Each structure stands twice: as structure tokens, then as C-alpha cells.
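Structural characterization, general
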Amino acid sequence: KTSKYTPVTFIPLNLWEQLHKFGNVYFLAISVFMYLGEKTPLFVGTIKAFSTLGTLMLMMAVTAVMALLDDRRRAEADHQTNQQATEQLFQG
């Protein structure tokens, strides 16, 4: 079996994998700081956090869909390989 995900584990494992990428963590942190700038008087935030967070979520969603499609293709290839007829060379 070469597929990574099951229907139950797809979301947690995919989020875990994506949050191990420096760029995703960076933009998540920037979004949090921008949100703090909007909601608190700590500093003046000129750009809304939604713009960065929305872009991050869109990119993570596209990456998740690509991972899901790739995993399904891998599972289908496994199934086809496992259904092939075999020849037994030795009686045993």
C-alpha cells in the first residue's frame, strides 16, 4: 500500500504536512500579527489580515486537493497491481 491517507486521516495529516513548510507557517504568523494590528492598539495595521490569510487558505486548499488526487491515483494503481494475475514458480 503506497497511499498515505484514509478518509479519516486526510485532513489532520495534510494540515500537519502543510504546516511543516516554512512558507505556510510564515504567512500564518504574518496573518496573526496583522489580525492583532486590526483588533488591538499594539500597532497600526494598514492591511487587513483576511487578505493574507485568505490567500494562504486558498493555496493550502489547492495543495490539499492536489495531494488528495495524487493519493487516489496511487491507491488505484495499487489496486490494479494487486489484481494482476501471477504465476507461481515453485510449489510450496
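The preceding data block contains the structure.
A few points on the structure. Not measured: the values here are computed from a predicted model.

A few words on the environment of Val44. Considering the arrangement of structural elements, one finds Val44 in the loop between helix H2 (22–39) and helix H3 (49–82). It is 9.0 Å that separates the C-alpha atoms of Val44 and Met34, two residues lying 10 residues apart in sequence.

To continue, consider a nonpolar patch on the surface. A cluster of nonpolar side chains, namely Ile11, Leu15, Leu19, Val25, Leu28, Val32, Phe33, Leu36, Leu42 and Phe43, defines an oily patch on the protein surface of about 880 Å² accessible area. For the nonpolar patch, the secondary-structure elements that each account for two or more residues are helix H1 (10–18) and H2. On the secondary structure map, Leu36 appears in helix H2. On the basis of relative accessible area, Leu36 is assigned to the partly exposed category, the value being 31%.

Rules behind the numbers
- Residues numbered from 1 in each chain as written.
- Predicted model: local features only at pLDDT ≥ 70, side-chain atom pairs only at ≥ 80, totals over all residues.
- Heavy atoms only, no water.
- Helix = DSSP H or I, 4+ residues; strand = E, 2+ residues; numbered from the N terminus.
- Patch = residues over 30% accessible without salt bridge, like charges linked within 9 Å, V, L, I, M, F, W, Y side chains within 5 Å.
- Areas by Shrake-Rupley, 256 points an atom, 1.4 Å probe, with all protein chains shown as cover.
- Salt bridge = Lys/Arg side-chain N within 4 Å of Asp/Glu carboxyl O.
- Buried < 20%, exposed > 50% of the residue type's maximum accessible area, 1.4 Å probe, protein only.

By themselves, these are just geometric observations and shouldn't be taken as functional.
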